[in-house]
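Each chain, written out:
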Amino acid sequence: MTTVVTPVLPTADALRTRVRDALAAVGATVPLGAPGSEGLPASTPITGDVLFSVPQASAADADAAVAAAAEAFSTWRTTPAPVRGALVARLGQLLVEHKTALATLVTIEAGKINSEALGEVQEMIDICEFAVGLSRQLYGRTIASERPGHRLMENWHPLGVVGVITAFNFPVAVWAWNTAIALVCGDTVVWKPSELTPLTAVACQALLERACADVGAPAAVGRLVLGEREVGEKLVDDPRVALVSATGSVRMGREVGPRVAARFGRALLELGGNNAAIVTPAADLDLAVRGIVFSAAGTAGQRCTTLRRLIVHSSVADELVSRIVAAYKQLPVGDPFADRTLVGPLIHTASYRDMVLALQQATAEGGTVLGGERVDVGDEGAFYVTPAVVRMPAQSAVVHKETFAPILYVMTYETLDEAIALNNAVPQGLSSSIFTLDMREAERFLAADGSDCGIANVNIGTSGAEIGGAFGGEKETGGGRESGSDSWKAYMRRATNTVNYSTELPLAQGVHFG
Ligand code: UN1
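Residues numbered from 1 in each chain as written. Predicted model: local features only at pLDDT ≥ 70, side-chain atom pairs only at ≥ 80, totals over all residues. Heavy atoms only, no water.

1. What to know about the domain arrangement of the protein chain
Okay, step 1: Each assigned domain of the protein chain is listed with its residue range as follows: domain 1 (58-271 + 478-494) and domain 2 (275-467).
Okay, step 2: The distance between the C-alpha centroids of domain 1 and domain 2 comes to 30 Å.
Okay, step 3: With 24 residues of domain 1 in contact, the opposing surface of domain 2 contributes 19 residues.
Okay, step 4: Here domain 1 packs against domain 2, burying approximately 1,700 Å² in sum over the two surfaces, 67% of which is carbon and sulfur.
Okay, step 5: Contact with domain 2 buries surface across domain 1, with I113, E116 and F168 losing the most and accounting together for 30% of the total.
Okay, step 6: The shortest N-O distance in the salt bridge between E116 and R303 comes to 2.9 Å.
Okay, step 7: Joining domain 1 to domain 2, the criterion identifies six residue pairs in polar contact (both at pLDDT 80 or more).
Okay, step 8: Those elements that provide at least two residues to the side of domain 1 that touches domain 2 are helix 4 (99-110) and helix 5 (114-134).
Okay, step 9: Among the elements that make up the side of domain 1 that touches domain 2, the one with the highest residue count is helix 5 (six residues).
Okay, step 10: Looking at the side of domain 1 that touches domain 2, its residues break down into 10 nonpolar, seven polar and seven charged. (Domains from an automatic or database assignment. Contact = heavy atoms within 4.5 Å. Buried area = accessible area lost by both parts, 1.4 Å probe. Salt bridge = Lys/Arg side-chain N within 4 Å of Asp/Glu carboxyl O. Polar contact = N/O pair within 3.5 Å; in protein donor to acceptor, adjacent residues only side chain to side chain. Helix = DSSP H or I, 4+ residues; strand = E, 2+ residues; numbered from the N terminus. Nonpolar A, V, L, I, M, F, W, Y, C, P; charged D, E, K, R; others polar.)

Here is the structure:
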């Protein structure tokens, strides 16, 4: 498979200059140490170089951040919600102004193509708008009481400090989903970003601090702690952290969930996906190919919503696969800043190794691999690959695991029941879709005995969800819901209030007592 490769990569020094300019543009004043000096290495998958060292938090620093956020909570929780919304509105304005700078940092640290990086910042802006509207809509219910002269109602109150743990692949949007909603809900936030993306985190934090100063909110409503695993563990185990919202691998979630539960804290888990699309004989194949290629090869296969499994009716399989392969041949792989590039680098060497191992396993299990080769960009430490299409027998082990790389396994089916069973046959349950113009097939896929995922789409791919919907999935994906719809309820506590305005004291359920 030949692939058009975009021209030479930028040098590490050119990227350093871009980082300095972007940080200056957002007003971030982090000391940037030389690579190798003490601190957290800030690297780029574009060239594989360490660009800088940035100061990292100790366990004591994390403790102090939680203490400050807990202190800020004591006043923030009684600040009227629409006033809290004004802070998020200001943050949204600053994000609009600094969209390019922030997207530059996302491209440098996460390696995603600049158009997708700009889209990620847009996702932040969108969630800020959503949260501002929400700040006037944190509705409770009134409920018909069974007793005369009584009122029964629900009040939603702020929860406390929210610990936000985010992954490298959406280094800014997932922070914004959590932070914008938590802040209007009256919570305060301590953020532990991926150690792979410290610079984008520093930039977000600078904008939040500026927004706080501009509207007169306490700066400690949002704190950032840069560091490795121990810093995240501090948030997980600290009883002052009421909610831990963690995005990452199933392995991470398996540790976080029980540890937070053991102290009766709340966890919101956003873990792995292993997303499938069903393509039926009634599909518009032109549309399907476009949706599949974006979802499977976009972001170099490094979204939790990436399309990893294609379940295609045997009558259209050969045609569909040859059209996907033809489209893949046209996908420019290379420098994510270059306008024409559609597939940027993998995040690091371990990611490339996992891809190679998965493709070896697929071959051993009877798969036929097309693509999936390393692209030589003249830089040993950078990992660029062509996306892979793998024809697989329906029963194989490799398709049950999530490999964070652009591998699309293709399986065939005969009946829709069989296709839905294959969709649901993996441990993860994040996203899914069906391509069909037959409304019976589409509705069946969306029904209670259809897709078992948190996201089920018709005639679009599995990735690229809008912020207005609730985002998350079932089974090993962790069950959490973030972003739109009524996900805000996870960031608040519900109080049920019964008010007796009568002169009697009737007991519920007709009980007589004395
Ligand atoms: C993720 O990959 O962790 O639906 C989040 C999407 C994006 C969010 C992905 N809006 O692909």
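The structure having been displayed, the exposition proceeds.
2. Some thoughts on empty space enclosed by the protein
Okay, step 1: Within the structure shown, the criterion is met by one cavity of 30 Å³ or more.
Okay, step 2: A volume near 90 Å³ is recorded for the largest cavity.
Okay, step 3: Around the largest cavity, the lining is made up of 14 residues, and of these A110, G111, K112, T299 and Q302 lie nearest the centre.
Okay, step 4: Residue composition of the lining of the largest cavity, by class: seven nonpolar, five polar and two charged. (1 Å grid on protein atoms, 1.4 Å probe; cavity = no way out; pocket = protein on both sides within 12 Å on 5 of 7 lines; lining within 4 Å. Points joined across faces, edges and corners; volume = space filled by probe spheres on them.)

3. Concerning the site of the ligand
Okay, step 1: Around the ligand sit E123, N169, F170, W177, R303, C304, T305, S463, G464, A465 and F471, and those are all the residues in its vicinity.
Okay, step 2: Within the side chain of R303, a nitrogen or oxygen atom sits 2.9 Å from an oxygen atom of the ligand.
Okay, step 3: One of the backbone nitrogen or oxygen atoms of G464 is found 2.8 Å away from an oxygen atom of the ligand.
Okay, step 4: Summarising the interface, the protein chains cover 98% of the accessible area of the ligand, which totals 320 Å² for the free molecule.
Okay, step 5: Within the shell around the ligand, the residues separate by chemical class into five nonpolar, four polar and two charged.
Okay, step 6: Each of domain 1 (58-271 + 478-494) and domain 2 (275-467) contributes no fewer than three residues to the shell around the ligand. (Near = heavy atom within 4 Å. Areas by Shrake-Rupley, 256 points an atom, 1.4 Å probe, with all protein chains shown as cover.)

4. Regarding the environment of F471
Okay, step 1: Turning to its location among the elements, F471 is positioned in strand 20 (residues 470-471).
Okay, step 2: In sequence terms F471 and I455 are 16 residues apart; their C-alpha atoms lie 7.4 Å from each other.
Okay, step 3: Beyond its immediate chain neighbours, meaning those up to four positions away, F471 contacts W177, E270, C304, T305, L430, I455, A465, G480, R481, E482 and S483.

5. So, the UniProt feature "active site" (unreviewed entry) in the protein chain
Okay, step 1: When the UniProt feature table is mapped onto this chain numbering, "active site" (unreviewed entry) sits at E270.
Okay, step 2: Here E270 is to be found in strand 9 (residues 266-270).
Okay, step 3: Taking the relative accessible area as the measure of exposure, E270 reaches 3% and is therefore buried.
Okay, step 4: Residues in contact with E270, not counting those within four places in the same chain, are A246, T247, G248, L430, F471, G472, G473, T477, G480 and E482. (UniProt positions renumbered as here; feature names shortened; annotations may be inferred. Buried < 20%, exposed > 50% of the residue type's maximum accessible area, 1.4 Å probe, protein only.)

6. Some details on the nonpolar core
Side chains of nonpolar character tend, in soluble globular proteins, to be buried together.
Okay, step 1: Ranked by internal contacts, the top residues of the largest apolar core, which has 143 residues, are I292 and L310.
Okay, step 2: Residues lining this core come from more than one domain, with at least three contributed by each of domain 1 (58-271 + 478-494) and domain 2 (275-467).
Okay, step 3: The next biggest cluster of nonpolar side chains, apart from the first, holds 20 residues, and it includes V225, L235, V236 and V241. (Core = buried A, V, L, I, M, F, W, Y, C linked by side-chain atoms within 4.5 Å.)

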